[in-house]
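Fold and contact review
Each chain, letter by letter, is given below.
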Amino acid sequence: MAAPPPSYCFVAFPPRAKDGLVVFGKNSARPRDEVQEVMYFSAADHEPESKVECTYISIDQVPRTHAIVISRPAWLWGAEMGANEHGVCIANEAMNAREPAAETEALLGMDLVRLGLERGATAKEALDVIVALLQEHGQGGNYYEDADSCHSFQSAYLIVDREEAWVLETVGKYWAAEQITEGVKCICNQLSLTTKIDAEHPELRSYAQSQGWWTAEDEFNFSEVFSSADDHLDCCAGKDSMDQKEESITVQTMIDILRDKASGVCVDSESFLTTASVVSVLPQNRSSPCIHYFTGTPDPSRSMFKPFIFVDDVKLVPKAQSPCFGDNDPAKKEPRFLEKPDRRHELYKAHEWARAVIESDQEQGRQLRKTMLELEKQGLEAMEEILTSSDPLDPTEVGDLFYDCVDTEIKFFK
């Protein structure tokens, strides 16, 4: 089995997080040359009996889907991470388990992230959507745009809203979930649930018994029963990063954690790179808006986190979207991935230049990074004012927020 990429997702609840805020973060480690795009889809009504075409299979559509904003590898339908208009955030982790993941094309873990966001108005609703679809359609298929070999993985999810989070870990159609309402939680590319299980597949334990992995005499420990033998159970360099932060966790703290290469949270290896990142802040006070910061570019230590707020009239951002190849896309034709088209969007191309300058570590690179961080700080401070203001949010002022930030970033790089 191929090793899954070492991504990390985090959530912090008050009192560890500041000012009645829930803070969510995710680094998406993927193959180095893969491009991620940031996409907004408005809420929509759908015709009865219509279908939705996911990455590999089509499934029944629901009557209405929520507005979502997602960061996704540009070749697939689903999402690595994202949020919906109701303040639900979901991130996905690929992982290996005792039972190999199916190579047969079904739903990808990333498809289930998007489906959970489109169909769930709370974290628990999204969890219920994901496990029902898992039961009906299964998970499987290639996680990478690779014609030479199939990389298939089991999936884990961190599903968060303003009040609670659920850690959902799946092996085939079987699953277990833990509810989190306080403190901090990190998940990565290994099973982490142990004996505290708040919801589970009805046949989870009997299946483990039938495989000879568990005798009912022992306490049921999900990760011990389902992990592959060579997995060490303490996955989280990320948890150490969170625990070392003595101060309250803010958006800035979460960004700093995601940028940390020394801890391994920010991946930059021969095979993998953190190709995109997100931080979301979900105020427990429902009169304040949720704010979602996306990079849309690789390596958060050399990227800017740009804010997005859901309003009725969001301006689309073509410069953070990859070219569309329609039915000619090699990812949609079988056999798949025989070619690799250039999926770089305008923001990615502009950022490539900046990364090269910063990597050279000359004076120009240092100045460039300093100015990037100053621009980002201005955005963070403006968002902080929105969160602390007692005035209602003016939708006309934030509909083009992400658009303007991307535009400014591209002009700055030029």
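Provided above is the structure to which this section pertains.
Since the structure is predicted, the reported quantities are computational estimates derived from the model, not experimental observations.

Concerning the packing of helix 8 (residues 363-388) against helix 10 (residues 401-413)
Where helix 8 contacts helix 10, the two axes come as close as 12 Å, and the packing angle between them is 165°. Of the possible angle classes, the one that applies to helix 8 and helix 10 is roughly antiparallel. As helix 8 packs across helix 10, the resulting crossing turns out to be right-handed. Between helix 8 and helix 10, the contacting residues are L368, T371, M372, L375 and M383 on the first element and L401, T408, F412 and F413 on the second. Of the residues assigned to the contact of helix 8 with helix 10, the class counts are seven nonpolar, two polar and no charged.

Comments concerning helix 2 (residues 123-137)
Taking 1.5 Å of rise per residue, 15 residues should cover 21 Å, and helix 2 covers 21 Å from first to last C-alpha, within 8% of that figure. Listed as buried for helix 2 are A123, A126, L127, V129, I130, V131, L133 and L134. Structurally, helix 2 contributes buried residues whose contacts are with strand 6 (58-60), strand 10 (89-95), helix 1 (109-119), strand 11 (154-160), strand 12 (165-171) and strand 13 (174-180). Looking at the residues trailing helix 2, positive phi occurs at G138, about 75°.

Notes on the side chain of D407
Relative to the helices and strands, D407 resides in helix 10. Polar side-chain contacts of D407 include one of 2.6 Å to the side chain of K319.

Topic: the packing of aromatic side chains
The way to describe two aromatic rings as a pair is by their centre distance and the angle between their planes. Going through the model one piece at a time under the given rule, you end up with 15 aromatic pairs. Ring centres of Y174 and Y207 lie 4.1 Å apart, and the angle between their planes is 15°; on these two criteria the pair is classed as stacked. One end of the pair, Y174, is in strand 13; the other, Y207, is in helix 3 (residues 204-210), and 33 residues separate them in sequence. Y207 matches Y174 in its accessibility class, with the two residues each being buried. With centroids separated by 5.5 Å and ring planes inclined at 40°, the aromatic side chains of F412 and F413 adopt a geometry described as tilted. Taking relative accessible area as the criterion, F412 reaches 24% and is therefore assigned partly exposed. Among the aromatic residues, ring-to-ring pairing joins Y174, Y207, W213, F222 and F226 into one connected group. Above the ring of W166, the side-chain terminus of K124 is found at 5.8 Å from the ring centroid.

Observations concerning the side chain of R72
Relative to the helices and strands, R72 is located in strand 8 (residues 68-73). Among the polar contacts listed, one links the side chain of R72 to the backbone oxygen of W77, at a separation of 3.0 Å.

A look at the state of the cysteines
Counted under the stated rule, the structure contains zero disulfides. Take C150: it sits in no disulfide, and the sulfur closest to it among the cysteines is that of C54, at 17 Å. Taking relative accessible area as the criterion, C150 reaches 29% and is therefore assigned partly exposed. Not engaged in a disulfide, the cysteine C290 finds its nearest cysteine sulfur in C89; these two sulfurs lie 6.8 Å apart. The exposure class of C290 is buried, given its relative accessible area of 8%.

What to know about the packing of helix 7 (residues 346-360) against helix 8
In contact at an axis separation of 7 Å, helix 7 and helix 8 are set at 125° when each is read in the N-to-C sense. By the angle between their directions, the pair helix 7 and helix 8 is classed as oblique. By crossing handedness, the relation of helix 7 to helix 8 is classed as left-handed. For the pair helix 7 and helix 8, contact is made by W353, A354, V357 and I358 and by Q364, G365, L368, R369 and M372, respectively.

Thoughts on the sheet that holds strand 8
Taken together, the eight strands give an open sheet; going across it, the order is 3-8-9-10-11-12-13-15, and neighbouring strands pair in antiparallel fashion. If you trace the sheet from one side to the other, it starts and ends with strand 3 (36-41) and strand 15 (199-200), each paired once. Pairing geometry for strand 9 (residues 81-84) and strand 10, over three bridges, is antiparallel. Opposite A83, over in strand 10, you have C89 as the bridge partner. Helix 1 contacts strand 3, strand 8, strand 9, strand 10 and strand 11 of the sheet and is inclined by roughly 165° relative to strand 10.

Calculation rules
- Residues numbered from 1 in each chain as written.
- Predicted model: local features only at pLDDT ≥ 70, side-chain atom pairs only at ≥ 80, totals over all residues.
- Heavy atoms only, no water.
- Axes fitted to C-alpha atoms, helices over the stretch in contact; angles between N-to-C directions.
- Helix = DSSP H or I, 4+ residues; strand = E, 2+ residues; numbered from the N terminus.
- Parallel < 35°, antiparallel > 145°, perpendicular 65-115°, else oblique.
- Left-handed = near helix turned anticlockwise from the far one by under 90°.
- Contact = heavy atoms within 4.5 Å.
- Nonpolar A, V, L, I, M, F, W, Y, C, P; charged D, E, K, R; others polar.
- Expected span 1.5 Å × (residues − 1).
- Buried < 20%, exposed > 50% of the residue type's maximum accessible area, 1.4 Å probe, protein only.
- Polar contact = N/O pair within 3.5 Å; in protein donor to acceptor, adjacent residues only side chain to side chain.
- Phe/Tyr/Trp six-rings, centres within 6.5 Å; stacked < 30°, edge-to-face > 60°.
- Lys NZ or Arg CZ within 6 Å of the ring centre and 35° of its normal.
- Disulfide = S-S within 2.5 Å.
- Pairing = 2+ DSSP bridges.

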